[in-house]
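# Structural description and commentary
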Amino acid sequence: MSSNVNVYDTQPLRRSGVFDTTATSGGDLHHTHRRISWAAIFGGVILVVAIQLLLSLLGAGIGLGTVNTNLGSTPTASLGIGAGVWWVVSSCIALGLGGYVAAWLAGIEIRLDGVLHGLITWGIATLLTIYLLTSAIGGIIGGGFSALGGITSAAGSGVREAAKPIAQAAGVSPELLQQQALAYLQPTNPDPAKMSPQDAQKEIASNLAAYVKGGSEAPTAKERIINIMAAQMQISHDDAVKRFDDAEAKLKQTRDQTVQTAKDAADASAAAASKTSFAAFGNLLLGALFAAIGGSLAVQRRLLVTNRVTA
């Protein structure tokens with residue numbers, strides 16, 4: 001065999017430090033490839049993000065082009081389904097190409113190594129995407145809370161500045177002194193028939209709090225409320241009792257409906273979160289599969305090129 005003929009063969013794997021290497025020799029040429037190439041993986045990740053962004057913009061342009069508010073044609077449901085399907089398809093395309101490029105640039109000729117390069121590219125691209133999304137959302141939320149905190153601080157400063165003269169002069173506000181004076185002049189158990197509507201409302205409110213709280217004071221508070229109702233509405237005691245019971249029943253019904261509505265909303269939210277989690281799991285798993293297939297195809301393509309050169 002002449003010396004100018006290049007015959008390539010792949011030597012068995014050997015250890016080089018902490019990395020496994022593949023030695024490929026041909027004639028006077030001798031190449032040693034690391035089984036993992038971070039530069040190639042970084043290039044694959046950059047390609048994944050760029051293709052994902054490119055396809056997302058394309059999908060947004062197509063989807064928004066179907067909206068026509070003047071004609072009233074805004075297919076909200078179809079837009080949501082189409083956006084989800086397009087996101088899955090674009091992710092698979094981007095990850096497949098990224099895994100292919102990472103394995104190809106690594107120059108490896110072992111199918112398992114190509115698959116692993118594709119999977120590592122998928123993992124880093126996924127973490128980078130999550131980081132970018134959470135950073136954007138966190139920035140928006142942080143900006144909103146900063147603005148809210150500024151408004152609250154300004155409002156608090158204004159209240160403190162306005163209250164300083166009064167607090168320094170008397171220690172309490174004039175409105176508080178007036179309310180305290182009225183409380184001193186108010187009888188302990190005023191006659192319901194002689195009470196003004198405003199005083200009757202205040203008395204009912206104070207007794208209603210004691211009734212809702214329960215305990216030994218609840219029956220007394222209920223009877224006081226019924227007496228005030230009978231005197232103010234000029235009805236009999238039995239009619240007042242009936243109206244009180246009807247109002248309490250309606251209040252209980254409204255409260256039960258509110259609790260049931262809250263439970264239904266919580267169940268719906270949990271179901272939606274469960275579906276979203278399963279969809280995200282399926283999307284990530286499908287992306288990992290396409291990235292691994294891309295890395296495997298790159299190794300297969302390189303083996304074909306090597307065999308042609310050998311032939």
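Anything mentioned here points back to the structure above.
Residues numbered from 1 in each chain as written. Predicted model: local features only at pLDDT ≥ 70, side-chain atom pairs only at ≥ 80, totals over all residues. Heavy atoms only, no water.

### Here's the deal with the overall build of the chain
Spelled out, the test is: The way it works is that DSSP assigns letters per residue, a run of H or I at least four long becomes a helix, a run of E at least two long becomes a strand, and they are numbered from the N terminus. Only protein chains enter the accessibility calculation, which uses a 1.4 Å probe; a residue is then buried when its area is under 20% of its type maximum, exposed when over 50%, and partly exposed in between.
Along the chain, the regular secondary structure elements total seven helices and four strands. Each helix and strand of the chain, placed in order from N terminus to C terminus, yields the pattern β-β-β-β-α-α-α-α-α-α-α. When burial is assessed residue by residue, the chain has 21% of its 311 residues classed as buried.

### Some remarks on the layout of surface pockets
To keep it simple, the criterion reads: Whether a set of points on the 1 Å grid over the protein atoms alone is a cavity depends on a 1.4 Å probe fitting there but being unable to get out, while an open set qualifies as a pocket with protein on both sides within 12 Å along at least five of seven lines; lining residues are those with an atom within 4 Å of a point. Grid points are joined across faces, edges and corners, and a volume is the space filled by probe spheres set on the points.
Space inside the largest pocket adds up to approximately 550 Å³. Forming the boundary of the largest pocket are 19 residues, of which Gln52, Trp87, Ser91, Thr129 and Leu133 lie nearest the centre. Elements that contribute at least two residues to the lining of the largest pocket include exactly helix H1 (38–65), helix H2 (76–106), helix H3 (111–169) and helix H7 (237–310). Broken down by element, the residue count for the lining of the largest pocket peaks at six residues, all from H3.

### Concerning unusual backbone geometry
The residue Gln234 is not glycine, and still its phi comes out positive at about 55 degrees. Locating Gln234 in the fold gives a position in the loop between helix H6 (218–233) and H7.

### Some remarks on the side chain of Gln52
What counts is decided by this rule: Should any heavy atoms of two residues lie within 4.5 Å, those residues are considered in contact.
Examined against the element boundaries, Gln52 turns out to sit in helix H1. Note on Gln52: relative accessible area 13%, which makes it buried. Each residue touching Gln52, except ones within four places of it in the same chain, is listed here: Trp87, Ser90, Ser91 and Ala94.

### Quick word on the packing of H6 against H7
Operational definition: Note on geometry: axes are C-alpha line fits, over the in-contact stretch for helices, and angles between N-to-C directions span 0 to 180 degrees. Rotating anticlockwise by less than a right angle from the far helix to the near helix defines a left-handed crossing, while the corresponding clockwise rotation defines a right-handed one. Here the term charged refers only to Asp, Glu, Lys and Arg, the term nonpolar to Ala, Val, Leu, Ile, Met, Phe, Trp, Tyr, Cys and Pro, and the term polar to all other amino acids, Gly among them.
With their axes 9 Å apart at the nearest point, H6 and H7 run at an angle of 115 degrees to one another. Every pair of crossing elements has a handedness; the one defined by H6 and H7 is right-handed. In contact with Lys222, Glu223, Ile225, Ile226, Asn227, Met229, Ala230 and Met233 of H6, H7 contributes His237, Ala240, Val241, Arg243, Phe244 and Asp245. Looking at the contact of H6 with H7, its residues break down into eight nonpolar, two polar and four charged.

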